[in-house]
Amino acid sequence: MLLQDKVVLITGGSQGIGAGAALGCAEHGAHVAINYHGNSADAEKVVAEVRKKGRRAIAVKGDVADASTATAFVKAAVQEFGKVDVFVSNAGICPFHSFLDMPQETLERTLKVNLHGAYYMTQAAANQMKDQGHGGSIVAISSISALVGGEYQTHYTPTKAGVHSLMQSCAIALGRYGIRCNSVMPGTIATSINKEDLAQPGKREYMEGRIPLGRLGRPDDVAGCVVFLASDLARYVTGASVLVDGGLFVNLQ
Ligand SMILES: NC(=O)C1=CN([C@@H]2O[C@H](COP(=O)(O)OP(=O)(O)OC[C@H]3O[C@@H](n4cnc5c(N)ncnc54)[C@H](OP(=O)(O)O)[C@@H]3O)[C@@H](O)[C@H]2O)C=CC1
Ligand SMILES: C[C@H](O)[C@@H]1OC(=O)[C@H](O)[C@@H]1O
C-alpha cells in the first residue's frame, strides 16, 4: 500500500485516465475526490468502485476552465476528508481539427480547459497543502504531445507543453513547502478522447505498429506511474516528467 489513508484529488475522474488513476490510488489505500464536467453517471460509477475497495470517495461536478471550480473542489474535499495530500491535474479535451481553419472558440476552449484549468486547480490544491504544513504531491497529466507535434492538434500540443512547464515552475515555487510537482506524459491511451480518431481506417493499426511494446496504452498503465509519483517512493523526485508511452517517443525508425 503506497498511499494508505492519503487523500487524493483528481480532475476529470469520471472516465479514462482520471478514472484509472482514481482506482489505482484507491487500490493503494487512498480516499479519493474526483471532479468531472457533466458525466454524472460515470462519475458515480467510479465513486462506487472506489467504495467497493473499502475506500471513501466523492464526486464533485464543475468546469475546470472556471477558476471558482478549483476552490469549490478543494473545499468540498476538505469538508469530506479533512485534508489534501495529493492532487492529480488530469481533466482535458482534444477536439481534433486542422490548423489553417481552426475555429477561434475551439482554440480558446482547449487552452482554457487544459492549461488555465490545470493552473487554477494546481494553485488551489497547493494553497491547501501549504496551509496544512506537511507537504504534498502534485501530478499533472501532460502528454508525449508536450514533446512532439500533431497535425490536428496545433491547439492541444501547446497546452500539454504548458502543463509540463507549469509543473517545472511549481516544483521551484513549492519546494520550500515540501510540495513535489511532476508530470506524466502518456502516449496514446485508448479512451473516449481519441475514440473517433482511432476509428479512422487504419489509424489504430498504424499507431500500434509504431509502439515498440505493440499495443495502445490503457488507463491503468498510466495509473501505476501516478501512484508512484504521488507516493513516498518518489520523495526526492520533483520537477520531473515520465513518459508512459510503450516506447512510442523513441521509435524514429
Ligand atoms: N488518451 C490519451 O491518449 C492521452 C490523454 N492525455 C491526457 O489525459 C487527460 C485525460 O484524458 P482521457 O482520459 O484520455 O480523456 P477522456 O475523454 O476519457 O476523459 C476526460 C475527463 O476529463 C473531464 N473533463 C473534460 N472537460 C472538463 C472540464 N471542462 N472540466 C472538468 N472536467 C472535464 C471529463 O469529464 P466528463 O466525463 O464529465 O465529461 C472526463 O472525466 C487529458 O488531459 C489528456 O490530454 C495525455 C496523453 C495521451
Ligand atoms: C488524444 C490523442 O490521441 C492523444 O492525446 C495525446 O496527448 C497523445 O499524444 C495522443 O495524441
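In case you missed it, the structure is sitting above this.
Bear in mind the structure is a predicted one, so any value in this text is a computation, not a measurement.

Asker: Help me understand the sheet that holds strand 3 (residues 57–61) in this model?
Answerer: Sheet strands pair via backbone hydrogen bonds, and the direction of the pair is either parallel or antiparallel. One open sheet accounts for seven strands, arranged 3-2-1-4-5-6-7; its pairing is parallel. Single-partner strands in this sheet number two, and they are strand 3 and strand 7 (241–244). Neighbouring strand axes in the sheet, compared pairwise and without regard to direction, differ in orientation by 15 degrees on average. Judged from the five bridges that link them, strand 2 (residues 31–36) and strand 3 form a sheet pairing that is parallel. Bridge assignment links Tyr36 to a residue of strand 3, and that residue is Lys61. Contacts from helix 4 (residues 104–132) reach strand 2, strand 4 (86–89), strand 5 (136–141) and strand 6 (179–186), with the element oriented near 175 degrees to strand 4. This element, helix 8 (residues 219–230), spans strand 4, strand 5, strand 6 and strand 7 of the sheet and lies at about 165 degrees to strand 6.

Asker: Help me understand empty space enclosed by the protein in this model?
Answerer: In this approach the atoms are scanned with a rolling probe the size of a water molecule, which exposes any empty space left behind. Evaluated as defined, the whole model comprises one cavity of 30 Å³ or more. The computed volume of the largest cavity comes to approximately 30 Å³. The wall of the largest cavity is formed by Ser89, Asn90, Ala91, Asn114, Ala118, Ile141, Lys160 and Val163. Residue assignment for the lining of the largest cavity shows that the elements contributing at least two residues are helix 4 and helix 5 (157–174). For the lining of the largest cavity, a count of residues per class yields four nonpolar, three polar and one charged.

Asker: Would you explain a nonpolar patch on the surface in this entry?
Answerer: Together, Leu147, Val148, Leu243, Phe249 and Val250 make up a nonpolar patch on the protein surface, roughly 420 Å² of accessible area in all. Looking at the element boundaries, Leu243 is found in strand 7.

Asker: What is the right way to look at the nonpolar core in this model?
Answerer: Generally speaking, a soluble globular protein has its nonpolar side chains buried in company with each other. Membership of the largest hydrophobic core comes to 33 residues, with the highest contact counts inside it found for Ile10, Ile34, Val184, Val222 and Val226. Contributions of two or more residues to this core are made by strand 1 (7–10), helix 1 (16–27), strand 2, helix 2 (40–52), strand 4, strand 5 and helix 8. It is helix 1 that contributes the most residues to this core, seven residues altogether. Non-local contacts of Val222, meaning those with residues more than four positions away in its chain, are made with Ile17, Ile141, Val184, Pro186, Ile189 and Val244. Counting 32 residues, the second-largest nonpolar core is a separate cluster that includes Ile58, Met121, Ala171 and Cys181.

Asker: Is there a simple way to think about the site of ligand 1 in this case?
Answerer: What surrounds ligand 1 is a group of 33 residues, the closest being Ser14, Gly38, Asn90, Tyr156 and Thr191. The backbone of Val64 places a nitrogen or oxygen atom 3.0 Å from a nitrogen atom of ligand 1. With respect to ligand 1, the backbone of Ile189 contributes an N or O atom lying 2.8 Å from an oxygen atom. Contact with the protein chains removes 93% of the 900 Å² of surface that ligand 1 exposes when unbound. Among the secondary structure elements, those contributing two or more residues to the shell around ligand 1 are helix 1, strand 2 and helix 4. Residue classes in the shell around ligand 1 are distributed as eleven nonpolar, 19 polar and three charged.

Procedures and definitions
Residues numbered from 1 in each chain as written. Chains lettered and ligands numbered in written order. Predicted model: local features only at pLDDT ≥ 70, side-chain atom pairs only at ≥ 80, totals over all residues. Heavy atoms only, no water. Pairing = 2+ DSSP bridges. Helix = DSSP H or I, 4+ residues; strand = E, 2+ residues; numbered from the N terminus. Axes fitted to C-alpha atoms, helices over the stretch in contact; angles between N-to-C directions. Contact = heavy atoms within 4.5 Å. 1 Å grid on protein atoms, 1.4 Å probe; cavity = no way out; pocket = protein on both sides within 12 Å on 5 of 7 lines; lining within 4 Å. Points joined across faces, edges and corners; volume = space filled by probe spheres on them. Nonpolar A, V, L, I, M, F, W, Y, C, P; charged D, E, K, R; others polar. Patch = residues over 30% accessible without salt bridge, like charges linked within 9 Å, V, L, I, M, F, W, Y side chains within 5 Å. Areas by Shrake-Rupley, 256 points an atom, 1.4 Å probe, with all protein chains shown as cover. Salt bridge = Lys/Arg side-chain N within 4 Å of Asp/Glu carboxyl O. Core = buried A, V, L, I, M, F, W, Y, C linked by side-chain atoms within 4.5 Å. Buried < 20%, exposed > 50% of the residue type's maximum accessible area, 1.4 Å probe, protein only. Near = heavy atom within 4 Å. Polar contact = N/O pair within 3.5 Å; in protein donor to acceptor, adjacent residues only side chain to side chain.

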